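Okay, here's what each chain looks like letter by letter:
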Amino acid sequence: MTAGSPLLQASNLHTWFELRQWGFLRVGSVRAVDGVNFALARGESVAFVGESGCGKSSLARTLLGLHRPTRGEVTFDGEELSTLKGKARQRYLARVGYVQQDPFGALPPFMDVRRLLNEPLIIHGVRDPAAREERIRRVLEEVRLTRVDEILSKFPHMLSGGQQQRIVIARALLLEPAMIIADEPVSMLDASVRVEILNLLRNIQRERELTLAFITHDLSTVRHFADRIFVMYAGRIVEQAPVDELLDHPQHPYTQSLLAAIADVDADNALEERDVPGGEPPSLLNPPPGCRFHPRCPKAIAGTCDVREPPRFAPREGHYSDCWLHDERHGS
Ligand code: SF4
């Protein structure tokens, strides 16, 4: 692979889940990821943003190989994910670290920190106990957990939420990954530690030159974090641009609604969320025809938006938006 080739690429990616009644009667498919394309460069930090149920966590799990794509493919360093088996798959999992939303749920409750950090190293063939101990201590310092001896002997329930999430980040870093996928990494933490954890992730990403895919519902957290933003709605990417360009010149009405819904960061740095006006996101079992945002869109064009899917337009350089308003026949 050349230095300029993407580290990870998703092409026409679909992840659908069959829904059955009484265990056998097929009711339909939940189109959690429905035709997504993007490429992530080495060392790039991107954010996938959207409301709950827009498909961003299903996308994260598909990139991790936890869901098999229904259609399309994911390639990592030139290798297609669904073809990786056995050792090749294990190598992939070592190269992509995962930081989950719920740190307590992510940590086995019956293992102390030393054991739960030793385990991935043993699975991935680091046999020398001294080498494992050295790597564990180095990574605990990297996630700013001081008093390492004390931390190593603790069980997850003895740690604060912020400490638990630092352990999850340490575990993701242990195997020297090229990429981290962080799925809502601060949404279950106290407001007081969210900014600390976000800053920690950002610093580690920059120092290690990692590719970072940050999944969040909260556009207010991404300006100092991401190089590029992908806005997702109903299983699709509807707008994408470099971070300042997208936040300063949002083009898609859904992104404009998300931005309008962000509360200011208050004095405690607590990040609050308001509902996006115009009702709930659509069912992914039966998404609306035309533009999927049209039932909620204040700018919907009757006879067009409710009938025809908008293609991708580039209303500004490097800025893409799937919206009929950019079609010169409708004016912007
Ligand atoms: Fe709104 Fe139409 Fe644009 Fe969809 S295509 S976001 S309904 S204006």
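Residues numbered from 1 in each chain as written. Predicted model: local features only at pLDDT ≥ 70, side-chain atom pairs only at ≥ 80, totals over all residues. Heavy atoms only, no water.

(A) Quick look at the packing of helix H5 (residues 129-142) against helix H7 (residues 161-173). As a packed pair, H5 and H7 sit with axes 9 Å apart at the nearest point and diverge in direction by 130°. In this view, H5 runs oblique relative to H7, as classed from their interaxial angle. In the packing of H5 onto H7, the handedness of the crossing is right-handed. Contacts from Val139, Leu140 and Glu142 in H5 reach Ile167, Ala170 and Leu173 in H7. Residues of the contact of H5 with H7, tallied by class, amount to 5 nonpolar, no polar and 1 charged. (Axes fitted to C-alpha atoms, helices over the stretch in contact; angles between N-to-C directions. Helix = DSSP H or I, 4+ residues; strand = E, 2+ residues; numbered from the N terminus. Parallel < 35°, antiparallel > 145°, perpendicular 65-115°, else oblique. Left-handed = near helix turned anticlockwise from the far one by under 90°. Contact = heavy atoms within 4.5 Å. Nonpolar A, V, L, I, M, F, W, Y, C, P; charged D, E, K, R; others polar.)

(B) Representation of the site of the ligand within the structure. Taken together, His252, Pro253, Cys291, Phe293, His294, Cys297, Lys299, Ala300, Cys305, Cys323, Trp324 and Leu325 make up the full set of residues near the ligand. By residue class, the composition of the shell around the ligand is 9 nonpolar, 2 polar and 1 charged. (Near = heavy atom within 4 Å.)

(C) Region of the structure containing the sheet that holds strand E5 (residues 79-80). Strand order in the open sheet formed by 4 strands is E2-E1-E4-E5, and the pairing between neighbours is antiparallel. One side of each edge strand has no neighbouring strand; the edge strands of this open sheet are strand E2 (25-40) and E5. Sheet topology places strand E1 (residues 8-21) next to strand E4 (residues 71-76); 5 bridges connect them, and they run antiparallel. Each residue of the ladder has a partner; that of Ser11, found in E4, is Glu73. (Pairing = 2+ DSSP bridges.)

(D) Looking closely at the environment of Leu81. Within the secondary structure layout, Leu81 lies in the loop between E5 and helix H2 (86-95). Residues Leu81 and Leu63, 18 residues apart in the sequence, show an inter-C-alpha distance of 8.3 Å. Beyond its immediate sequence surroundings of up to four residues, Leu81 is in contact with Thr62, Leu63, Gly65, Val74 and Tyr92.

(E) Just the side chain of Lys56, in detail. With respect to the secondary-structure elements, Lys56 resides in helix H1 (residues 56-63). Assessed through its relative accessible area of 5%, Lys56 is described here as buried. Only 3.0 Å separates the side chain of Lys56 from the backbone oxygen of Gly50, close enough to count as a polar contact. In this structure Lys56 touches Phe48, Val49, Gly50, Glu51, Glu184, Ile215, Thr216, His217 and Met232, once residues within four positions along its chain are discounted. (Buried < 20%, exposed > 50% of the residue type's maximum accessible area, 1.4 Å probe, protein only. Polar contact = N/O pair within 3.5 Å; in protein donor to acceptor, adjacent residues only side chain to side chain.)

(F) Structural detail: the sheet that holds strand E10 (residues 236-242). Here we have 8 strands laid out as an open sheet, ordered E6-E7-E8-E3-E9-E10-E12-E11, and mixed in their pairing. Edge positions in the sheet fall to strand E6 (96-99) and strand E11 (313-316), since each has one partner strand and no second. Strand-to-strand twist of the sheet, defined as the mean angle between neighbouring strand axes without regard to direction, takes the value 20°. Summarising the sheet, E6 and strand E7 (residues 179-183) pair through 4 bridges and their orientation is parallel. Residue pairing in the sheet places Val96 in a bridge with Met179 of E7. Packing of H1 onto the sheet brings it into contact with strand E3 (45-49), E6, E7, strand E8 (211-216) and strand E9 (228-233), and relative to E8 it is tilted by some 150°.

(G) Representation of the packing of aromatic side chains. The final tally for this structure, using the stated rule, is 9 aromatic pairs. On the numbers, 4.5 Å between centres and 55° between planes, the contact of Tyr233 with Tyr254 is tilted. With Tyr233 in strand E9 and Tyr254 in helix H10 (residues 253-261), the pair connects residues that are 21 residues apart, well separated along the chain. You can call Tyr233 buried: its relative accessible area is 2%. You can call Tyr254 buried: its relative accessible area is 0%. Three or more aromatic residues link up through ring pairs in this structure, and these residues are Phe38, Phe48 and Phe230. (Phe/Tyr/Trp six-rings, centres within 6.5 Å; stacked < 30°, edge-to-face > 60°.)

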